[in-house]
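Structural characterization, general
Next come the chains, spelled out residue by residue.
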Amino acid sequence: MPRILVVEDEPAIADAVEYALSTEGMTVVRAATVQAARPHLNAADLIVLDVGLPDGSGFDLCREIRTTSNVPVIFLTSRASEVDRVVGLELGADDYVVKPFSPRELSARVRAILRRVAARQLPAGSPGTSTLVLDEARRSATWHGVALDLTRYEFRLLAVLVARPGMVFPRARLLDLVWERPDGPFDRTVDTHIKTLRAKLHSAHAGSDPIRTLRGEGYAWEDAT
């Protein structure tokens, strides 16, 4: 499950953020200061960061993070001026949320950013040698050199699975990562899209079935050739 670092010194706000994200199945690590946050930076999949912290500025910490990492950062702050928003985004933040905020909206923004990150974290390999090549910008995919005609959700589903080969994704988690409104589709929606995606992979390269089904658990991408 995604590991979210919440850097916030107001306990009530940190509690609200932790509750909103943990109910979405995310692991939340909390830090109330810049110093306390530093040991957890490298292990985070996304950072929710306040600007005004007791021992420093969230802007400065974001600047520090960006010297070594592209981990997504969402500023969560009471500083609502246009100048502050521009500064935060120019420092490399992926989003800027102003207090007071809706915990549900924040969790939706976190999910949206994690979906984009999952689509970017594709298996290494050059277009001439990789058995699977995904182009996020063009939403195109080739399997063993054959172009795949994928729907939007099939492409997202494939991108999420291949981002972490071997990791088992429960249906509920795939709904959360792939569909804009995870409360809408049912589990059968995931099964249907997996079935059509499998058929297209098989059609492009006979005999291939890199999507593994674990009964009662979910689906995983096998790093197969």
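The preceding data block contains the structure.
Heads up: these notes are all about the structure in this document. (Residues numbered from 1 in each chain as written. Predicted model: local features only at pLDDT ≥ 70, side-chain atom pairs only at ≥ 80, totals over all residues. Heavy atoms only, no water.)

1. Some remarks on the side chain of histidine 193
Note the following rule: To qualify as a helix, a DSSP run of H or I must reach at least 4 residues; to qualify as a strand, a run of E must reach at least 2; elements of each kind are numbered from the N terminus. Think of it in three bands: with a 1.4 Å probe and only protein chains considered, a residue is buried below 20% of the maximum accessible area for its type, exposed above 50%, and partly exposed in between. Only heavy atoms matter for contacts: two residues are in contact if any of them lie within 4.5 Å across the pair.
As for its placement among the helices and strands, histidine 193 is situated in helix H8 (residues 187-204). By relative accessible area, which is 18% here, histidine 193 ends up buried. Leaving out residues up to four positions away in the same chain, histidine 193 has contacts with Tyr153, Glu154, Leu157 and Trp179.

2. Examining the environment of tryptophan 179
Along the chain, the position of tryptophan 179 falls in the loop between helix H7 (171-178) and H8. For the pair tryptophan 179 and valine 190, spaced 11 residues apart in sequence, the C-alpha to C-alpha distance is 9.7 Å.

3. Topic: the packing of aromatic side chains
To be explicit about the condition: Stacked, tilted and edge-to-face are the three classes applied to pairs of Phe, Tyr and Trp rings, where Trp contributes its six-membered ring and a pair requires centres within 6.5 Å; stacked means planes under 30 degrees apart, edge-to-face means over 60, and tilted covers the rest. By definition, being over a ring means that NZ of Lys or CZ of Arg is both within 6 Å of the ring centre and within 35 degrees of the ring normal.
Under the criterion given, the structure shown has three aromatic pairs. Both rings, one in phenylalanine 75 and one in tyrosine 96, keep their centres 6.0 Å apart while their planes meet at 55°; by these two values the pair is tilted. Here phenylalanine 75, found in strand S6 (residues 73-77), pairs with tyrosine 96, found in strand S7 (residues 95-98); they are 21 residues apart in sequence, far enough to count as distant. Across this residue pair, the class does not change: phenylalanine 75 and tyrosine 96 are buried. With a centroid separation of 5.7 Å and 75° between ring planes, the pair formed by tryptophan 143 and tryptophan 221 is classed as edge-to-face. Remark: tryptophan 221 occurs in strand S12 (residues 218-221) and tryptophan 143 occurs in strand S9 (residues 140-143); sequence separation between them is 78 residues. In terms of burial, tryptophan 143 and tryptophan 221 fall into one category: buried. Cluster of aromatic residues (ring-pair linked, three or more members): Phe59, Phe75 and Tyr96. Taking the ring centre of tyrosine 153 as reference, the NZ or CZ of arginine 152 above it sits at 4.7 Å.

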